[in-house]
Every structure is written in C-alpha cells, then in structure tokens.
Amino acid sequence: MVREEGNVTDKKEKRVPFLLWPFYAIWRLVAFILEVTGRIIGVVLGLVLLILGLLVSLTVIGAVVGVPLIILGMLLILRGLF
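The structure displayed is predicted, hence computed values, not measured ones.

(A) Quick peek at the overall build of the chain. The secondary structure content of the chain amounts to two helices and zero strands. A total of 82 residues make up the chain; the buried ones form 15% of that total. In the form shown here, the chain has an accessible surface area of approximately 7700 Å², with 75% of it arising from carbon and sulfur atoms.

(B) Representation of the pattern of salt bridges. Counted by the stated rule, this structure contains one salt bridge. Note that Glu35 and Arg39 form a salt bridge whose closest N and O atoms lie 3.7 Å from each other. Of this pair, Glu35 and Arg39 both sit in helix 1 (residues 21-56), four residues apart, which is roughly one turn of the helix. Overall, the relative accessible area of 32% leaves Arg39 in the partly exposed class.

(C) Broad picture of helix 1. Given a rise of 1.5 Å per residue, 36 residues ought to cover 52 Å, and the 52 Å separating the end C-alpha atoms of helix 1 matches this to within 8%. Residues of helix 1 that are buried in the fold lie against helix 2 (63-81).

(D) Up close: the environment of Gly53. For Gly53, the position within the fold is in helix 1. On the accessibility criterion, Gly53 (0% relative accessible area) is buried. The spacing of Gly53 and Leu72 is 19 residues in sequence and 9.1 Å in space, taken between C-alpha atoms. Aside from chain neighbours lying at most four places away, what touches Gly53 is Gly66, Leu69 and Ile70.

(E) Fine view of the packing of helix 1 against helix 2. Orientation of helix 1 relative to helix 2, taken along the N-to-C sense of each, is 160°, at an axis distance of 7 Å. The angle between helix 1 and helix 2 places the two elements in the roughly antiparallel class. Seen along the crossing, helix 1 lies across helix 2 with a hand that is left-handed. In terms of residue class, the contact of helix 1 with helix 2 is built from 17 nonpolar, six polar and two charged.

Quick notes on the rules
Residues numbered from 1 in each chain as written. Predicted model: local features only at pLDDT ≥ 70, side-chain atom pairs only at ≥ 80, totals over all residues. Heavy atoms only, no water. Helix = DSSP H or I, 4+ residues; strand = E, 2+ residues; numbered from the N terminus. Buried < 20%, exposed > 50% of the residue type's maximum accessible area, 1.4 Å probe, protein only. Areas by Shrake-Rupley, 256 points an atom, 1.4 Å probe, with all protein chains shown as cover. Salt bridge = Lys/Arg side-chain N within 4 Å of Asp/Glu carboxyl O. Expected span 1.5 Å × (residues − 1). Contact = heavy atoms within 4.5 Å. Axes fitted to C-alpha atoms, helices over the stretch in contact; angles between N-to-C directions. Parallel < 35°, antiparallel > 145°, perpendicular 65-115°, else oblique. Left-handed = near helix turned anticlockwise from the far one by under 90°. Nonpolar A, V, L, I, M, F, W, Y, C, P; charged D, E, K, R; others polar.

Structural data, given as structure tokens:
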C-alpha cells in the first residue's frame, strides 16, 4: 500500500509575524553559526584521527587499531564537508 497523505520530509513554509521577525532572524543566525562550528570541529577531529591512525599504523601490530582510526577520520571529514 502506498500512502498519498503526505511524507514526513514535506516542509511547510511557516510565516513569521512581522513583530517577531527580529527574534526569528537572530535564532536563524545562531543556528547557522552553530552548524558551521560543528562542521569545522568535525573536520578537525577527523583530521586528528586520520593522522593518529597513520602514526599508529607504522607498526604492524598497531595497524589493527590504526586502519579503523584512518577510516573513521576519513568518514568524519567527509561528513563535515558534505
């Protein structure tokens, strides 16, 4: 069965009352700043894990831990960029 009522991903455009618009604009600005900051922290943390994984992988025994760290670091960098 296919439900045609509406999807969860449908976004409804809400109108903001004129008097509340400054608060809405400030809220959107703060949300944008936190989103960008979170992405930057994700990329930096991914880079740190990538470098740590490379350093640990220099030994054969450390490769067991280093390769997953490299993969996790790459995934964090990709998630932060896209």
